[in-house]
Amino acid sequence: MPRTVRLAVIPGDGIGPEVVAEALKVLRAAVGDETRFEETHFSLGAGRFLETGDVLTDDDLAAVASHDAILLGAVGGVPGDPRLANANIERGLLLKLRFSLDHYVNLRPTVLHPGVESPLAAPGDVDFVVVREGTEGPYVGNGGAIRVGTPAEVANEVSVNTAFGVERVVRYAFAAASGRRKKLTLVHKTNVLVFAGGLWKRTVDAVAVEFPDVAVDYLHVDAATIFLVTDPARFDVIVTDNLFGDILTDLAGAISGGIGLAASGNINPDGRFPSMFEPVHGSAPDIAGKGIADPTAAILSVALLLDHLGLADDAERVRGAASDDIAGRDGSTRSTSEIGDAIAARLAPAAP
Ligand SMILES: NC(=O)C1=CN([C@@H]2O[C@H](COP(=O)(O)OP(=O)(O)OC[C@H]3O[C@@H](n4cnc5c(N)ncnc54)[C@H](O)[C@@H]3O)[C@@H](O)[C@H]2O)C=CC1
Ligand SMILES: CC(C)CC(=O)C(=O)O
Ligand SMILES: [Mg+2]
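From a predicted model like this one, the values you see are computed outputs, not experimental measurements.

Cut-offs and rules
- Within each chain, residue numbers correspond to sequence positions counted from 1 in written order.
- Chain A is the first chain written and ligand 1 is the first ligand written, with later ones labelled in order.
- Local features in this predicted model are restricted to residues of pLDDT 70 or higher, and side-chain atom pairs are both shown and tallied only at a pLDDT of 80 or more, whereas totals for entire chains, interfaces and linings draw on every residue.
- A helix here means a DSSP run of H or I that spans at least four residues, while a strand means a run of E at least two residues long, and both kinds are numbered starting from the N terminus.
- Here the globule rule reads 2.2 Å times residues to the power 0.38, and the radius of gyration is calculated from C-alpha atoms.
- The exposure label follows from counting other C-beta atoms within 10 Å of a residue's C-beta, where the C-beta atoms are placed from the backbone and the thresholds are 20 or more for buried and 12 or fewer for exposed, leaving partly exposed in between.
- For each domain, the first and last residues come from an automatic or database assignment.
- Here, residues touch in the contact sense if the C-beta positions derived from the backbone fall within 7 Å of one another.
- In the scheme used here, Gly and all other residues not listed as nonpolar or charged are polar, with Ala, Val, Leu, Ile, Met, Phe, Trp, Tyr, Cys and Pro taken as nonpolar and Asp, Glu, Lys and Arg as charged.
- Any residue qualifies as near a molecule or strand once its backbone-derived C-beta atom lies within 6 Å of it.
- UniProt positions are given in the numbering used here, feature names are shortened, and annotations may be inferred rather than shown by experiment.
- Two strands form a pair only when DSSP identifies at least two bridges running between them.
- Simply put, an axis is a line fit to the C-alpha atoms, just over the touching stretch for a helix, and the angle between two N-to-C directions goes from 0 to 180 degrees.
- By definition in this entry, angles of less than 35 degrees are roughly parallel, angles greater than 145 are roughly antiparallel, angles of 65 to 115 are roughly perpendicular, and the rest are oblique.
- For any helix crossing, the convention is left-handed if the near helix is rotated counterclockwise from the far helix by under a right angle, and right-handed if that rotation is clockwise.

Novice: What's the story with the overall build of the chain in this structure? I'm lost.
Specialist: Secondary structure summary: the chain contains 11 helices and 12 strands in total. In terms of C-alpha radius of gyration, the chain reaches 20 Å, essentially the compact-globule figure of 20 Å for 352 residues. Across its three principal directions, the C-alpha atoms of the chain cover 65 × 50 × 45 Å. Here the chain holds 352 residues, and the buried ones make up 45% of them.

As structure tokens, this is what we get:
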């Protein structure tokens, strides 16, 4: 009897549906007969909002939450589109999913694949994971503004950091480092953000006692951007808050061959809620509909999904096929579906 995995698929906006189609192609080619993915496709995003006025209803959320895992493309329209001014798709949909489903680990691995040209002069070994906190920080919507639109406007956006929230993600990061090269770098801005930074630093110091095999380092976020460019090999696992992690992982994508290769998982490690896998990039309205988006980030996100489901062999095969494809890229332009087809073909069983 094959295992059935109920997969919620949220293609989203812009290039989201284009890259998700390729990711699903690869997923279907990767898994053996012993696993069956039952897909439910959800029409959510800016497009859906413009049609119906809904962003994410309680029914939508409950339906998505009833699945075993989620694959998401990207959501969001053209920045500045006045029709979306009151929608706040990113907060009302993407962050609502992450918060409601308690995705407190936002896992973003960065590898410089063989054959990829990095813009760095001396990239060295680029192989690190950013463990970004996913449910707190400045993204929780704890803010407000007064006298909006006047010269006397005051706007606040408060970063929320709880001992509970920081400790659980820090613990996850230590465990991840322990299973890798045993180095954890906390990135924050403790010299200025003394309250939040103090909590993060004290938590790392306290949890470190339980992981004596893991070397602990600390960098202010501004210095971390320098070292990501000048010496990325110094990083193994980075743990950081929601905002810093968001910014650092776009940079991580850029130094490792481009945002089109950067995968991520929004993980609920407790398994109480389905985890969600998505490329790091957004809906890229500037290239949407042209068939030129790189689907590799979405495909590598499928590998993270398979890992999460305990299908490590299938995950490794997807990574291997993607890596082989990447290594063979010669600078000629292939379409989104040509790349997906080529990676899926590497996974197809050999003809007898
Ligand atoms: N997880 C999500 O759903 C995210 C959604 N967004 C939303 O996406 C929309 C666009 O945001 P941007 O700031 O422009 O970020 P973006 O990541 O969509 O695009 C930044 C640049 O990277 C390029 N790019 C992105 N993905 C690519 C791919 N797979 N292949 C080749 N090139 C790629 C784009 O063409 C663009 O030049 C906005 O509405 C934003 O709020 C942004 C980031 C994450
Ligand atoms: C809505 C944003 C937080 C999405 C984003 O940029 C990200 O998660 O990387
Ligand atoms: Mg981002």
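Back to the write-up after that little detour.
Novice: Any chance you could explain the domain arrangement of the chain here in plain terms?
Specialist: Bring the parts together and some accessible area is lost; that lost area is often taken as the interface size. Split into domains, the chain comes out as domain 1 (1-103 + 262-352) and domain 2 (118-256). Across the contact, 10 residues belong to domain 1 and 9 residues belong to domain 2. No other element matches the 4 residues that helix H4 (residues 89-100) contributes to the side of domain 1 that touches domain 2. Of the residues assigned to the side of domain 1 that touches domain 2, the class counts are 5 nonpolar, 2 polar and 3 charged.

Novice: Explain the environment of Asn156 to me, please; I cannot follow it from the model alone.
Specialist: Structurally, Asn156 is set in strand E7 (residues 154-157). Here the alpha-carbon distance between Asn156 and Leu95, two residues 61 residues apart in the chain, equals 19 Å. Setting aside anything within four residues of it in sequence, one finds Asn156 in contact with Gly143 and Gly144.

Novice: Honestly, the site of ligand 2 in this entry has me stumped. Any pointers?
Specialist: Lining the immediate surroundings of ligand 2 are Glu90, Leu94, Leu95, Tyr139, Asp246 and Val280. Here the shell around ligand 2 gets 3 residues from one element, more than from any other, and that element is H4. Taken together, the residues of the shell around ligand 2 sort by class into 4 nonpolar, no polar and 2 charged.

Novice: Explain the UniProt feature "site: Important for catalysis" (unreviewed entry) in the chain to me, please; I cannot follow it from the model alone.
Specialist: The UniProt feature table records "site: Important for catalysis" (unreviewed entry) at Tyr139 and Lys189. Within the secondary structure, Tyr139 sits in the loop between strand E5 (127-133) and strand E6 (143-146). The exposure class assigned to Tyr139 is buried, which follows from the 22 C-beta atoms found within 10 Å. Those residues in contact with Tyr139 that sit more than four places away from it in its chain are Leu95, Asn242 and Leu243. Tracing the sequence through the fold places Lys189 in the loop between strand E8 (183-188) and helix H6 (194-208). Classification of Lys189 as partly exposed rests on a count of 19 C-beta atoms within 10 Å. Excluding its chain neighbours within four sequence positions, the residues that come into contact with Lys189 are Gly197, His220 and Val221.

Novice: I'm lost on the site of ligand 1 in this one. Help?
Specialist: Inspection of the region around ligand 1 gives 22 residues, with Gly76, Gly260, His281, Gly282 and Ala284 positioned closest. Residues that form the shell around ligand 1 fall into these classes: 12 nonpolar, 6 polar and 4 charged.

Novice: Where do I start with unusual backbone geometry in this structure?
Specialist: One can expect most non-glycine residues to show negative phi and most peptide bonds to be in trans. Phi angles above zero are rare outside glycine, and Asn88 is one such case at about 45 degrees. Relative to the helices and strands, Asn88 is located in the loop between strand E3 (69-74) and H4. Even without being glycine, Lys182 reaches a positive phi, approximately 65 degrees. With respect to the helices and strands, the residue Lys182 is situated in the loop between helix H5 (163-178) and E8.

Novice: Hey, could you run me through the sheet that holds strand E1 (residues 3-12) in this one?
Specialist: Backbone hydrogen bonds are what pair the strands of a sheet, in a parallel or an antiparallel way. Reading across from one edge, E2-E1-E3-E12-E11-E4-E5-E10-E8-E9 is the order of the 10 strands in this open sheet, with mixed pairing throughout. Each edge of the open sheet is held by one strand with a lone partner, namely strand E2 (35-41) and strand E9 (215-220). The sheet shows a mean angle of 25 degrees between the axes of neighbouring strands, direction not considered. Pairing of E8 with E9 involves 6 bridges; the strand directions are parallel. Residue pairing in the sheet places Lys183 in a bridge with Ala215 of E9. Packing against the sheet, H5 makes contact with strand E4 (105-111), E5, E8 and strand E10 (237-240), and its axis sits at approximately 165 degrees to E5.

Novice: Teacher, can you tell me more about the packing of helix H9 (residues 296-308) against helix H10 (residues 312-327) here?
Specialist: A pair of packed helices is characterised by two quantities: the angle between their axes and the separation of those axes. Where H9 contacts H10, the axes come no closer than 7 Å and their chain directions differ by 160 degrees. Between H9 and H10, the angle is such that the two are roughly antiparallel. For the pair H9 and H10, the crossing hand works out as left-handed. In contact with Thr296, Ile299, Leu300, Val302, Ala303, Leu306 and Asp307 of H9, H10 contributes Ala312, Asp314, Ala315, Val318, Arg319, Ala322 and Ile326.

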